[in-house]
Amino acid sequence: MVAVSKSQPPEAIRAAFSAGCRDFGENYVQDALPKIDALSDLPITWHFIGGVQGNKARDVAARFDWVHAVDRLKIAAALARNRPAGKAPLNACIQVNISGEATKGGIAPDEASALAREMVLLEGLKLRGLMGIASATADPARQRAEFALLRRVFDTLRAGGLALDTLSMGMSHDLEAALLEGATHVRVGTAIFGEREKKRAA
């Protein structure tokens, strides 16, 4: 479980850690870095779960353990190039657009194989699997259908010889459907920290 701690202060993250959370997800680099510094005494695994902008690739590569939303070779290459020597490769997931919504990031399902085969060649990066975000619907059948699509892409890549082990899918409102379709990582914020105040994208 990745506790989505965007907009949460270090004190709230520390409390969640005390309750057993070890993996935390952040969307905004400029908000995350001070929290990573403030909590450096804790053995937290930090996940960057937002879209990676080119000018933020250096900080993401240097300060995070995972990145969940890679959808371009250019960004993957920048992350690999900026991973500090001596650190383990940055764990990465390819974001696949499983809902078909233009407002969501990610590549088309049939483009995942080509990107994956390019990414596995990058030193400094370790391709772990796929990430997807389902439609904002309360219909469990639709949720499961979209997560099942991601699972089929994942299984196809594995059958093609790629050593993937991660399906990052499911959030507070649809994690049950994601788990039924084989999620290995769920990204949960509201169910842990409660409702958050709206903030502008950055």
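See above for the structure.
Residues numbered from 1 in each chain as written. Predicted model: local features only at pLDDT ≥ 70, side-chain atom pairs only at ≥ 80, totals over all residues. Heavy atoms only, no water.

Undergrad: What am I meant to see in the overall build of the chain here?
TA: Each helix and strand counted, the chain has 8 helices and 8 strands in total. Here the C-alpha radius of gyration of the chain, 16 Å, is about what a compact globule of 202 residues would show, namely 17 Å. Taking the principal axes of the C-alpha coordinates as reference, the chain spans close to 45 × 40 × 30 Å. Residues classed as buried in the chain amount to 49% of the 202 residues present. (Helix = DSSP H or I, 4+ residues; strand = E, 2+ residues; numbered from the N terminus. Rg over C-alpha atoms; globule rule 2.2 N^0.38 Å. Buried < 20%, exposed > 50% of the residue type's maximum accessible area, 1.4 Å probe, protein only.)

Undergrad: I'm lost on the pattern of salt bridges in this one. Help?
TA: By the definition in use, this model includes 9 salt bridges. Between Arg142 and Glu146 there is a salt bridge whose closest N-O contact spans 3.3 Å. Taken together, the positions of Arg142 and Glu146, both in helix H6 (residues 140–159) and 4 residues apart, correspond to about one turn of that helix. Residue classification places Arg142 among the partly exposed positions, given a relative accessible area of 40%. With its nearest N and O atoms 3.0 Å apart, the salt bridge here joins Asp155 to Arg151. With Asp155 and Arg151 both in helix H6 and 4 residues apart, this pair spans about one turn of that helix. Accessibility expressed as a relative area gives 35% for Asp155, which makes it partly exposed. A residue is classified by how much of its surface remains accessible, and Arg151, at 29% relative accessible area, is partly exposed. (Salt bridge = Lys/Arg side-chain N within 4 Å of Asp/Glu carboxyl O.)

Undergrad: Would you mind showing me how to read the packing of aromatic side chains here?
TA: A ring pair, where both rings are aromatic, is described by two values, the distance of the centres and the angle of the planes. Tallying each qualifying case throughout the model produces 2 aromatic pairs. Geometrically, the ring pair formed by Phe24 and Trp46 is tilted, given 6.1 Å between the ring centres and 45 degrees between the ring planes. Within this pair, whereas Phe24 is found in strand E2 (residues 23–26), its partner Trp46 is found in strand E3 (residues 45–48), the two being separated by 22 residues in sequence. On the basis of relative accessibility, which here comes to 0%, the residue Phe24 falls in the buried class. Ring geometry for Phe48 and Phe64: centres 5.2 Å apart, planes at 70 degrees, overall edge-to-face. Note that Phe48 is positioned in strand E3 and Phe64 in the loop between helix H3 (57–63) and strand E4 (66–70), a separation of 16 residues in sequence. Phe64 shares its class with Phe48; the two are buried. If you follow Arg22 out to its NZ or CZ, it ends over the ring of Phe17, 3.8 Å from the centre. (Phe/Tyr/Trp six-rings, centres within 6.5 Å; stacked < 30°, edge-to-face > 60°. Lys NZ or Arg CZ within 6 Å of the ring centre and 35° of its normal.)

Undergrad: When you look at the pairing of strand E6 (residues 125–132) in this model, what are you seeing that I'm missing?
TA: Regular strands have side chains that alternate between both faces of the sheet. Burial runs high along E6: 7 of the 8 residues are buried. Two strands pair when backbone bridges link them, and strand E5 (residues 90–95) and E6 are joined in this way by 6 bridges, in the parallel orientation. Bridge assignment links Leu90 to a residue of E6, and that residue is Leu125. A crossover links E5 with its parallel partner E6, the connecting element being helix H5 (residues 112–119), and its sense is right-handed. Pairing between E6 and strand E7 (residues 166–169): 4 bridges, direction parallel. (Pairing = 2+ DSSP bridges. Right-handed = clockwise from strand over helix to strand, strands pointing away.)

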